[in-house]
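# Structure at a glance
Next come the chains, spelled out residue by residue.
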Amino acid sequence: MDLNFNQADIDFRNEVRDFIKTSYTSEMKAELRRSKNGSASKDLHVKWQKSLYEKGWIAPNWPVEHGGPGFTTTQNYIFETEMAHAGVPRTVPFGLSMVAPVLMEFGTEEQKNKYLPDILATNVWWCQGYSEPGAGSDLASLQCKAEDKGDHYLVNGTKIWTTMAQHADMIFCLVRTSKTDKPQSGISFLLIDMKSEGIDVRPLITLDQSPEPYQEVNQVFFEDVKVPKENLVGEENKGWTYAKYLLEFERGNSYSPTLYRGIEKLKSIAKETSIGNGENLIDDSDFINKLNKCEIEIQALEFVELRIFSALSAGQRVGPESSILKTRGTELQQKLQELSVEAIGYWASPFVYDTFANINEPSIGPDYAMTIAPSYFNGRKTTIYAGSNEIQRNIISKAVLGL
Amino acid sequence: MDFSFSEEQTLLRNTIQSFLQDNYDFDSRKAIIQSEDGMSKENWQQLAELGLLGVPFSEADGGLDFGPVETMIVAEEFGKGLVIEPYIQTVVTCGGFLRRASESQRQEHLSKIISGEEIWAFAHAEPQGRFNLSDIKVNASKNNDEYSLNGHKCVVSGAPWAQKLIVSARTSGDQSDKDGISLFIVDKSAEGVSLRDYKTVDGSMASEVTFENVKIDSSSIIGEEGKAYDLIELVVDETIAALCAEAIGAMSVLNDATVEYCKTRKQFGQPIGKFQVLQHRMVDMFMQYEQSVSMTYMVNLKLSEDELERRKAASGAKVQICNASKFIGQSAVQLHGGMGMTDELNVGHYFKRLAMIETQFGNADHHLKKYSSAS
Ligand SMILES: Cc1cc2nc3c(=O)[nH]c(=O)nc-3n(C[C@H](O)[C@H](O)[C@H](O)COP(=O)(O)OP(=O)(O)OC[C@H]3O[C@@H](n4cnc5c(N)ncnc54)[C@H](O)[C@@H]3O)c2cc1C
C-alpha cells in the first residue's frame, strides 16, 4: 500500500492540467456555470467530448483494444480528480459507459464495428430506454413490446424519464418479446434509431423548471416502429442479463472527485457570505463542522472507491458493491446541495426561468447563488434514478450480505 | 389547559377551506402564477370580503379582533392550498407593526389593508446581514422634519404587489447595533424608490429594493426614532409563528399525498406501501408532522409571554419546523419516485415552498443559536 505519486504520475498530472487549460474554454465554463440540472447544450457536450476523443482520453474505462487509453489505477485517479477539480462537463454516459460495455461483452463483431467507433468519437448520441410508467423499480414488469415480423420487429409502447432523448440519435431499449411466467425471461435488448417513423419524444419538466430544449427528461412513445432484426443485442429473451450487466456500470463509478469539488465550492461560498456582525459564514463553527463532517464522509467513500477500483482492470465491472458507491455518492451529493442552499440564505429564493437565455443579464444575488436552489431540487433525482437507494440497499442486503 | 378549537374558530377554518376549494385547485394556482400579475387580485378582494384581511386587528380599527390562534388557522389552511397571495407579509408582518402604530397611522392605513385596497411588504433583510435582525446599513438621516433614506434591501417578499413598504433603517449607531434602528412607512411610488421584481422558486414574487435620497416625512416613522429593534423582534416572532402554521399545512398535504400514493402505486406486484422501509419512512414523516403541529401550537400560545419566553418559543418552533420541512419534503419526493421530480405533480411545489420557509427569518442553525442564547 502506498499513497504517493511517482515522477511519471506527476508528469501525467501536468499533462491533464494542460489539456484542461486549453480545451475547457471560458465560454464552456460560463455556460455550464448556469446549468440548473448539470447539463448544458448539446453543442457544448459534443465539443468537449470530441476534444477528449482527439486526446485519446474519452473512455478511460474502455479496454485498449477498443480505444481505451490504458490508464493505470493511479492515472485514472489523477484523471478523474483533475477533471472534477476543474468542473468540466460530465461525459454523457449512455453511449460510453452504458451501451458500449454491453456491446463489447454481448454484441456481434458487426455491431461492435458499427457502433463503438461512433460512440468513442461522439458522432452518435445515445439514450437509455429502460423505465416505463408502470415499470420503474420493478423494471422486469416492463410492457413495451417488440413483435417478430420476420425481417424486423414491430415496437409498440412507451418509455419514460428518458434523459436527453431530445438530443439522441439512438436509444437502447428493453422490450418484451415474449410473455412468460417469469417476467425477466421474456425481455430483449434492442437498439432503435430515434429517427424511425412512429417515435414521438415529449418533454417532461422537472423541479428545476429548466425549459425546453434544456429539459432533462422525456417520455418516448413508440407506435408501430419497425426495427431491423440485426439491432437485437445477444439472444432474444436474454435481455435481462445484459440489462443488469449494464446497471453495474451505470452505478459503479467514482463519486468522490466531484464531491470534493463540491466541498471546495462550498468553502469559497462560505468565505464570501457575510452573516452580519462583520462575520462571514466561514467563521460560523456550526456550519463549518457540518461541512467538515461531510468532507470526512467523502474521504471514507473515496477510499472505498480506491480499494474497489484498484482491484479491477479496464472494462471489468464492480459487481453488487457498486450499490455502495451509488448509495453513498448520491446521499453525499444531496447533503452538499442542502448545505449550499443553507449557505446562501435568502439568495436561494430568486427564480431564473432560463439561465442560458439570461447570460447577459446580471444575476439577482451573487452569480454563484443563481443555480444552487434549482440544483438542490433537481438533485433529489439522484437517490431515485439508476435504481433508487431503497433498491440499492435491497441489493446489498441480498447480494452482499445474503439476507 | 384546553387544546380544542372553539366553534367560531372551526367556522373560520371551514370558511377558508371552502374558499380554497372553490378558487385554489392546483391548476388555478398554476394559472395565477403564470398570469401577468403573478397573484390574483380577485382572490385578494374575496379574502377582504370574507373578513380574513382583518383577522388580527381590533374592532376599533375595523378588524375581527382575533388572536394568534386564528391567524394560525388561516396560515395553516393557506399552507395546505399553497396560497401565493401575500397574506402573511401584509396582514401578519406589516399588520403586526401597524397594530402597534399611532392612532393616526392606524386610522390612515389599516382600513386600506382590511378592505383589500393595499398590499404591504416588509423591507428588512440586507445582503450583509443575512438573518441578523440588527445588521442594518440602510440609512435614514434627518433634516428638519424630513428623513432621507438610502440603501438596498434584498429579497423583499411580496414587494412587487405592494403599494406600501415598511422599511427598517439606521438612524444612529453602528451597523449591527440594536439601538438606532427605526421603522418607516414608505410609499412604493415615492421618488427615489426603485425595484427589481422577480419570481421566486416557490411561485411567489420578491424584489430588490433600492432607496436613493427618498424623502420621508417624520410622521411616517412607526414608534420612537431609534427604538424599533424590540418591536421588529416581536413582529418577526409573530411572523415565524404564522410561517410555522403555513408549514404544517403544507406538510399535512405532503404526508397525505405520500401515504395515498404508496397505497395505490404498485411495483413487484404489490402496493409500494407494503415495503417496510417505506412504511417506517412514512411513520417518521407522520411523527415529525405531529411534533411540528405541537410546536406550532406552542409558539402561537406563547406569543404574549415575556420577551425571553417568547423568543425561545419562536426559535424552538422554527428549529423543529425547519428540520421537519426538510425531512418531509425530501421524503415525499423520494417516495413518489420519478413522479415526485415532475413539475406537473403538486408534491414538488410543496417541497419547494417548505424549503423556502426553512430560510425565511432564519434557518435551523440560526434559531438554534438564538434558542441557546435565550436559555
Ligand atoms: C431525472 C431522472 C432521470 C432518469 N433517467 C432515466 C433514463 O435515462 N432512462 C431510464 O430508463 N430511466 C431513467 N430514469 C428512471 C429511474 O430509473 C426510475 O425513476 C427509478 O427506477 C424509479 O422508478 P419509479 O420512478 O417508477 O418509482 P417507483 O419504482 O414507483 O418507486 C417509488 C418509491 O418506492 C420505492 N420502492 C419501490 N420498490 C421498492 C422496494 N422493493 N423496496 C423498498 N422501496 C421500494 C422507491 O425507492 C421509491 O422511493 C430517470 C429518473 C429520473 C428521476
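Conventions adopted
- Residues numbered from 1 in each chain as written.
- Chains lettered and ligands numbered in written order.
- Predicted model: local features only at pLDDT ≥ 70, side-chain atom pairs only at ≥ 80, totals over all residues.
- Heavy atoms only, no water.
- Helix = DSSP H or I, 4+ residues; strand = E, 2+ residues; numbered from the N terminus.
- Rg over C-alpha atoms; globule rule 2.2 N^0.38 Å.
- Areas by Shrake-Rupley, 256 points an atom, 1.4 Å probe, with all protein chains shown as cover.
- Lys, Arg positive; Asp, Glu negative; His and termini not counted.
- Charge placed at Lys NZ, Arg CZ, Asp CG, Glu CD.
- Near = heavy atom within 4 Å.
- Polar contact = N/O pair within 3.5 Å; in protein donor to acceptor, adjacent residues only side chain to side chain.
- Buried < 20%, exposed > 50% of the residue type's maximum accessible area, 1.4 Å probe, protein only.
- Arc of directions from axis to C-beta.
- Contact = heavy atoms within 4.5 Å.
- Salt bridge = Lys/Arg side-chain N within 4 Å of Asp/Glu carboxyl O.
- Nonpolar A, V, L, I, M, F, W, Y, C, P; charged D, E, K, R; others polar.
- Domains from an automatic or database assignment.
- Buried area = accessible area lost by both parts, 1.4 Å probe.
- Axes fitted to C-alpha atoms, helices over the stretch in contact; angles between N-to-C directions.
- Parallel < 35°, antiparallel > 145°, perpendicular 65-115°, else oblique.
- Left-handed = near helix turned anticlockwise from the far one by under 90°.
- Expected span 1.5 Å × (residues − 1).
- Phe/Tyr/Trp six-rings, centres within 6.5 Å; stacked < 30°, edge-to-face > 60°.
- Lys NZ or Arg CZ within 6 Å of the ring centre and 35° of its normal.
- Pairing = 2+ DSSP bridges.

What follows deals with the overall build of chain A. The helix and strand tally for chain A stands at 12 helices and 10 strands. Against the 2.2 N^0.38 benchmark of 22 Å for 403 residues, chain A shows a C-alpha radius of gyration of 22 Å, consistent with a compact globule. Projected onto the principal axes, the alpha-carbon positions of chain A cover approximately 75 × 50 × 50 Å. Summed over all atoms, the accessible surface of chain A reaches about 17,800 Å², with 50% contributed by carbon and sulfur. Computed over 42 positive and 54 negative side-chain charges, the separation of the two mean positions in chain A equals 2 Å.

Glancing now at the site of the ligand. Taken together, 30 residues lie near the ligand, and Ser137, Trp161, Thr163 and Ser388 of chain A together with Arg265 of chain B sit nearest. At the site occupied by the ligand, the surrounding residues belong to chains A and B. Glu390 of chain A is positioned such that a nitrogen or oxygen atom in its side chain is 2.8 Å from an oxygen atom of the ligand. In the environment of the ligand, a nitrogen atom lies 3.2 Å from a nitrogen or oxygen atom belonging to the side chain of Asn394 of chain A. Summarising the interface, the protein chains cover 95% of the accessible area of the ligand, which totals 970 Å² for the free molecule.

Residues and elements named next belong to chain B. Residues of helix 2 (residues 26–34) that are buried: Arg29, Ile32 and Ile33. One face of helix 2 carries all of its buried residues, which in axial projection span an arc of 95 degrees. What points out from helix 2, more than 90 degrees from its buried face, is the exposed set Asp27 and Gln34. Each element contacted by the buried residues of helix 2 is listed here: helix 3 (41–49), helix 4 (68–81), strand 6 (193–199) and helix 10 (346–359). For helix 2, the capping residue at the N-terminal end is Asp25, with a side-chain oxygen 3.0 Å from the backbone nitrogen of Asp27.

Attention shifts here to the interface of chain B and chain A. With 49 residues of chain B in contact, the opposing surface of chain A contributes 50 residues. Across the salt bridge formed by Lys326 of chain B and Glu338 of chain A, the nearest N and O atoms sit 3.9 Å from each other. Contributions of two or more residues to the side of chain B that touches chain A are made by strand 3 (146–157), strand 6, helix 8 (276–301), helix 9 (307–335), helix 10 and helix 11 (364–374) of chain B. Looking at the side of chain B that touches chain A, the element that brings in the most residues is helix 10 of chain B, giving 7 residues. When grouped by side-chain class, the residues that make up the side of chain B that touches chain A number 17 nonpolar, 19 polar and 13 charged.

Under the defined criterion, the tally for this structure stands at 42 salt bridges over all chains. A salt bridge links Glu109 of chain A to Lys112 of chain A, with the shortest nitrogen-to-oxygen separation between them at 3.3 Å. One end of the pair is Glu109 of chain A and the other is Lys112 of chain A, both in helix 6 (residues 109–120) and 3 residues apart, which spans about a single turn. Residue classification places Glu109 of chain A among the exposed positions, given a relative accessible area of 52%. For Lys112 of chain A, a relative accessible area of 14% translates into the label buried. Connected through salt bridges with shared partners, the residues Lys290, Lys335, Glu338 and Glu342 of chain A together with Lys326, Glu358 and Asp365 of chain B form a single ionic network.

Interface size is commonly expressed as the accessible area that is lost once the parts come together. Residues and elements named next belong to chain B. Taken domain by domain, chain B consists of domain 1 (7–118), domain 2 (121–227) and domain 3 (230–374). For domain 1 and domain 2, the distance between their C-alpha centroids amounts to 23 Å. Counting residues at the interface gives 17 residues for domain 1 and 19 residues for domain 2. Both sides of the domain 1 and domain 2 interface together cover about 1,500 Å² of buried area, and 63% of this is carbon and sulfur. For domain 1, the biggest contributors to the area lost against domain 2 are Gln89, Phe97 and Gln105; these three give 33% of the whole. Seen at the junction of domain 1 and domain 2, the total is 1 salt bridge. Taking the shortest distance from any N to any O, the salt bridge between Glu118 and Lys164 comes out at 3.0 Å. Counting only elements with at least two residues in the side of domain 1 that touches domain 2, the list comes to helix 2, helix 5 (87–99) and helix 6 (103–114). Ranked by residue count, the leading element in the side of domain 1 that touches domain 2 is helix 5, at 5 residues.

Packed helices, taken two at a time, are described by their axes: the angle between them and the distance between them. All names here are of chain B. Interaxial distance between helix 8 and helix 9 falls to 9 Å at its minimum, and their mutual angle equals 155 degrees. Looking at the two axes, helix 8 sits roughly antiparallel to helix 9. Two packed elements cross with a definite hand, and for helix 8 against helix 9 that hand is left-handed. When grouped by side-chain class, the residues that make up the contact of helix 8 with helix 9 number 16 nonpolar, 8 polar and 2 charged.

Okay, helix 3 (residues 42–55) of chain A next. Residue and element names in this part refer to chain A. Over its 14 residues, helix 3 extends 20 Å from the first C-alpha to the last, a length consistent with the 20 Å expected when each residue adds 1.5 Å. Within helix 3, the full set of buried residues consists of Leu44, His45, Val46, Trp48, Gln49, Ser51 and Leu52. Here the buried face of helix 3 lies against helix 1 (7–23), helix 2 (26–33), helix 4 (73–86) and helix 5 (93–106). Looking one or two residues past helix 3, Gly56 carries a phi angle of roughly 90 degrees, positive in sign.

What follows deals with the side chain of Glu82 of chain A. Turning to its location among the elements, Glu82 of chain A is positioned in helix 4. Contact partners of Glu82 of chain A, with chain neighbours within four places excluded, come to Arg13, Val16, Arg17 and Ile20 of chain A.

Residue and element names in this part refer to chain A. The domain boundaries assigned to chain A delineate domain 1 (7–91), domain 2 (124–237) and domain 3 (252–400). For domain 2 versus domain 3, the distance between C-alpha centres works out to 30 Å. Contact residues are listed per partner, giving 8 residues for domain 2 and 10 residues for domain 3. Interface area for domain 2 against domain 3, summed over the two sides, is near 790 Å², with a carbon-plus-sulfur share of 59%. Three residues stand out in domain 2 for area buried against domain 3, namely Asp208, Pro211 and Tyr214, and they jointly supply 49% of the buried area on that side. Counting every contact that joins domain 2 to domain 3 gives 1 salt bridge.

Residue and element names in this part refer to chain B. Where helix 7 (residues 229–264) meets helix 9, the axes come as close as 9 Å, and the angle between the chain directions of the two elements is 25 degrees. As summarised for this structure, helix 7 and helix 9 are arranged roughly parallel, according to the angle between their axes. Crossing hand, helix 7 versus helix 9: left-handed. In terms of residue class, the contact of helix 7 with helix 9 is made up of 16 nonpolar, 4 polar and 6 charged.

We now examine the packing of aromatic side chains. For the structure on display, the rule yields 24 aromatic pairs over all chains. Here the aromatic rings of Tyr376 of chain A and Phe377 of chain A are separated by 5.6 Å at their centres, their planes lie at 50 degrees, and the arrangement is tilted. An aromatic cluster is defined as three or more aromatic residues linked by ring pairs; in this entry it consists of Phe12, Phe19, Tyr24, Trp48, Trp57, Phe71 and Phe79 of chain A. Over the face of the ring belonging to Tyr153 of chain A we find Lys229 of chain A, whose NZ or CZ atom lies 5.3 Å from the ring centre. One Lys or Arg, Arg13 of chain B, reaches over the ring of Phe5 of chain B and ends 5.1 Å from the middle of that ring.

Attention now moves to the pairing of strand 3 (residues 152–160) of chain A. All names here are of chain A. Most of strand 3 sits inside the fold, with 8 of its 9 residues counted as buried. By the bridge criterion, 4 bridges tie strand 2 (residues 145–148) to strand 3 in an arrangement that is antiparallel. Within strand 3, the position partnered with Ala146 by the bridge is Val155. Direction of pairing for strand 3 relative to strand 7 (residues 217–228): antiparallel, over a ladder of 8 bridges. From the neighbouring strand, Lys159 faces strand 7, where its bridge partner is Val220.

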